[in-house]
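Commentary on secondary and tertiary structure
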Amino acid sequence: MRDADAPIPKPTALADGSEAEDVPFGALQPCVGIRDWLLGEGARLPKADDLLAGLAERLNAIGVPIDRASTAIDTLHSEYSGVGRVWTRGAGSTVRLFPHGEVSTKAYHASPFYVVHETGEWLSLDLAETADDAYAIIPELKAAGYTHYLVAPLIFTNGTKNGITFATRAEGGFRDDDIAILRFVMPALAAVMEMRLLNKQLDTVLRIYVGDEPHRAILSGDIRRGQVRRIRSAILFADMRDYTRLSADRTPEGAVDLLNAFFDCLVPPIEREGGEVLKYLGDGLLAIFRESGDDLGGAAKSALTAAQAALAALTEANAVGRFGEGERAVDAGIALHHGEAAYGNVGSGTRLDFTVIGRDVNLASRLARLNRTLQEPLLMSKPFVDFLWGDPEPLGSHALDGFDEPMTVYRPSRRPAAKAAAAE
C-alpha cells in the first residue's frame, strides 16, 4: 500500500550488517548461501511462486521449520491493487488477486499487515495464546495445526509497504535462532522482490497502455524515432455510432462509464479469437489478428467471428440496460480489412508515441466511415473477403476518402441457413 503523504520508512533492503549479529554460530555460512541464491538464481526465476517456494525449502534445509509462507505485494494493475501468494509444505503455491475498492481496503486495515506497517516492527503470535478474533486468519491457522505465526513488513525503496508471513507447526513454535536467520535473509529478499516487481510492473503497464506486441517491441529496444515493424494481418476497426449525441448529456464520469461498457462488449470477443487491441481511438479501437503460418484464412475467420460476437454482445447489453435505463441504444460500426499493419515510433524529442500506421490501417478506418452511409453494422473489404470461405453479399464499389481506386465492399450473408445450404 502507498501513502503519498506519509514519510517514506526505511527500506527493508538497506542492511547495515547488524542483522548478522544474532545469527547462531555455524549458521552464518548457510545463511549467506541463501542470500546469494536470492540475489542470483532467485532473481532470475521465471515465476514469483518459485521464489517463495525456493526460499521456504532452503530455510527448512538449514533447520528453520517453515510450514507456511505468504506474501502480500502492492502492484500497478488496472484490475487489482495487490497480489497475495501462499506456499504450504506439501501443497505448493497458490495466488490470490486483491481487487481495487473498499472491500480490499477494509480487509487490509483489519489484517496483521496493517499493524506491522504502522509499527514498522515484526509481529510474533503464539497461536495458542492468540484470540480467534484477533485477526481473520487466526482460526484458519489454528485449524491447520500451526503453532506460531510471524508477520514482517517488506518496505521497498519507493515507500511501498508490502509484507511476508511465516508459520510453523513445530512444537514450541519458532526459536530465537530461527527468527534471527529470517531477519538476516530479509534485506536480500526485499531487494530481489522489488527488482522483480519493478520489471513486472514495467511489463504490465506497457502492455496495458500500448498492447501486447508493441510492449514487447519497446522492451526489446525499439524506442528510437523512425523505427518501423510490419506485420501481415486481418485488421478490425470499430467505433461507436453517434457518440457525441449519446454523451452530450452525460457527466465526464458518465461518458467514461459509457465507453467502458462499450469496450466491454468489443474487447473480450477480440481477445477470445486471438486478436490484439493496439489502439483505443476515443470512441473506437483498432485491433489486428495475425496470420499464423500458412493458414492465411485463419486470421480473417477469427476477425469476422470476433466482430459478429461483439455486435451480439452489444445487442444483449442494450436489451438489459447496460448503458443506462431509458438511454438510447448504443450501436457500433465495424470494418474488416486484410493487409499490412506497421508499428512506428513517431514524435519529437523525448516524447514519442508507439503508434499503428500504414496504408491498410488508413483504408480500414475509411471503410468504417461507410458503416453509417450504408446503414450496415459490419463491412468487409475485397482483400479481406478474398481470405474467407462462404458467400458474403457485395454492396458495390465505393470511393474511400484519400484513395484513388474505389473498393468493393461486402457484408456477411443474410441468406437463411436452409437457402444457403440448398445453394451449396
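Residues numbered from 1 in each chain as written. Predicted model: local features only at pLDDT ≥ 70, side-chain atom pairs only at ≥ 80, totals over all residues. Heavy atoms only, no water.

- An unreviewed UniProt entry lists the protein under the name Adenylate/guanylate cyclase domain-containing protein, from Methylorubrum podarium.

1. Here's the deal with the overall build of the protein
- Of regular secondary structure, the protein possesses 13 helices and 14 strands.
- Taking 2.2 N^0.38 as the reference for a compact globule, 424 residues should give roughly 22 Å; the C-alpha atoms of the protein span a radius of gyration of 28 Å, well beyond that estimate.
- Across its three principal directions, the C-alpha atoms of the protein cover 85 × 50 × 50 Å.
- Residues counted as buried form 47% of the 424 residues belonging to the protein.
- Pairs at least 24 apart in sequence give 62% of the contacts found in the protein among residues at least 6 apart.
- Carbon together with sulfur atoms contributes 52% to the accessible area of the protein, which is approximately 22000 Å² in total.
- Of the charged side chains in the protein, 44 are positive and 59 negative; the average position of the first set lies 6 Å away from that of the second. (Helix = DSSP H or I, 4+ residues; strand = E, 2+ residues; numbered from the N terminus. Rg over C-alpha atoms; globule rule 2.2 N^0.38 Å. Buried < 20%, exposed > 50% of the residue type's maximum accessible area, 1.4 Å probe, protein only. Contact = heavy atoms within 4.5 Å. Areas by Shrake-Rupley, 256 points an atom, 1.4 Å probe, with all protein chains shown as cover. Lys, Arg positive; Asp, Glu negative; His and termini not counted. Charge placed at Lys NZ, Arg CZ, Asp CG, Glu CD.)

2. Digging into the pattern of salt bridges
- All chains considered together, the criterion is met by 15 salt bridges.
- In this structure, Asp132 engages Lys142 in a salt bridge whose closest nitrogen and oxygen atoms are separated by 2.7 Å. One end of the pair, Asp132, is in the loop between β4 (123–126) and α5 (138–143); the other, Lys142, is in helix α5, with 10 residues separating them in the sequence.
- Glu376 is paired through a salt bridge with Arg411; the nearest N and O atoms lie 2.5 Å apart. Here Glu376, found in the loop between α11 (359–374) and β12 (378–381), pairs with Arg411, found in strand β14 (residues 407–411); they are 35 residues apart in sequence, far enough to count as distant. (Salt bridge = Lys/Arg side-chain N within 4 Å of Asp/Glu carboxyl O.)

3. Some details on the pairing of strand β8 (residues 276–281)
- Here β8 runs beside strand β9 (residues 284–290); their pairing, made up of five bridges, is antiparallel. Residue pairing in the sheet places Tyr280 in a bridge with Leu285 of β9. (Pairing = 2+ DSSP bridges.)

4. Some thoughts on helix α6 (residues 176–210)
- Across its 35 residues, α6 extends 50 Å between first and last C-alpha, which sits within 8% of the 51 Å expected from 1.5 Å per residue.
- Along α6, the sharpest kink reaches roughly 35°, centred on Met186 and followed within four residues by the proline Pro187.
- Looking one or two places after α6, you find Gly211, whose phi comes out positive at around 100°. (Expected span 1.5 Å × (residues − 1). Bend = angle between axes of the 7 residues up to and from the residue.)

5. Some remarks on the pairing of strand β3 (residues 92–99)
- Judged from the eight bridges that link them, strand β2 (residues 80–88) and β3 form a sheet pairing that is antiparallel. Considered in β3, the bridge of Val86 is made with Thr94.
- Linking β2 to β3, which pair antiparallel, is a turn of three residues; within it Gly90 sits at a positive phi near 90°.

6. Notes on the packing of helix α1 (residues 28–44) against helix α2 (residues 48–61)
- Between α1 and α2, the least distance of the axes is 11 Å, while the angle of their chain directions is 160°. By the criterion of interaxial angle, the relationship of α1 to α2 is roughly antiparallel. Crossing of α1 over α2 shows right-handed handedness. Seen from α1, the contacting residues are Ile34, Trp37, Leu38 and Gly42; seen from α2, they are Asp50, Leu51, Gly54, Leu55, Arg58 and Leu59.
- Residues that form the contact of α1 with α2 fall into these classes: six nonpolar, two polar and two charged. (Axes fitted to C-alpha atoms, helices over the stretch in contact; angles between N-to-C directions. Parallel < 35°, antiparallel > 145°, perpendicular 65-115°, else oblique. Left-handed = near helix turned anticlockwise from the far one by under 90°. Nonpolar A, V, L, I, M, F, W, Y, C, P; charged D, E, K, R; others polar.)

7. Describing the sheet that holds β3
- Taken together, the six strands give an open sheet; going across it, the order is β3-β2-β1-β6-β5-β4, and neighbouring strands pair in antiparallel fashion. Two strands lie at the open edges of the sheet, namely β3 and β4, each paired on one side alone. Neighbouring strand axes in the sheet, compared pairwise and without regard to direction, differ in orientation by 15° on average.
- Bridge count for strand β1 (residues 68–74) against β2 is seven bridges, and the pairing is antiparallel. Across the sheet, Ala72 pairs through a bridge with Gly84, a residue of β2.

8. A closer look at the packing of aromatic side chains
- Applying the stated rule across the entire model yields three aromatic pairs.
- Geometrically, the ring pair formed by Phe262 and Phe263 is tilted, given 5.5 Å between the ring centres and 55° between the ring planes.
- With a relative accessible area of 0%, Phe262 lands in the buried category.
- Given the relative accessible area of 10%, Phe263 is considered buried.
- One aromatic cluster is present, formed by Phe262, Phe263 and Tyr280 through successive ring pairs.
- Over the ring of Tyr146 we find Arg169; its NZ or CZ atom is 4.4 Å from the centre of that ring.
- Just above the ring of Trp122 sits the side chain of Arg183; from NZ or CZ to the centre is 4.3 Å. (Phe/Tyr/Trp six-rings, centres within 6.5 Å; stacked < 30°, edge-to-face > 60°. Lys NZ or Arg CZ within 6 Å of the ring centre and 35° of its normal.)

9. With respect to unusual backbone geometry
- Despite not being glycine, Asp242 shows a phi value in the positive range, around 60°.
- Relative to the helices and strands, Asp242 is located in the loop between β7 (228–240) and α8 (243–247).

10. Some words on the environment of Ala238
- Looking at where Ala238 falls in the secondary structure, it is placed in strand β7.
- In this structure Ala238 comes out as buried when scored by relative accessible area, which is 0%.
- With residues near it in sequence (within four places) discarded, Ala238 still touches Leu266, Gly284, Leu285, Gly333 and Ile334.

11. Concerning α1
- For α1, which comprises 17 residues, the first-to-last C-alpha distance of 24 Å matches the rise-based estimate of 24 Å (1.5 Å per residue) to within 8%.
- Bending of α1 peaks at approximately 40° at the position of Leu38.
- Among all positions of α1, only Cys31, Ile34, Trp37, Leu38, Gly40, Gly42 and Ala43 are buried.
- On its buried face, α1 is in contact with α2 and α6.

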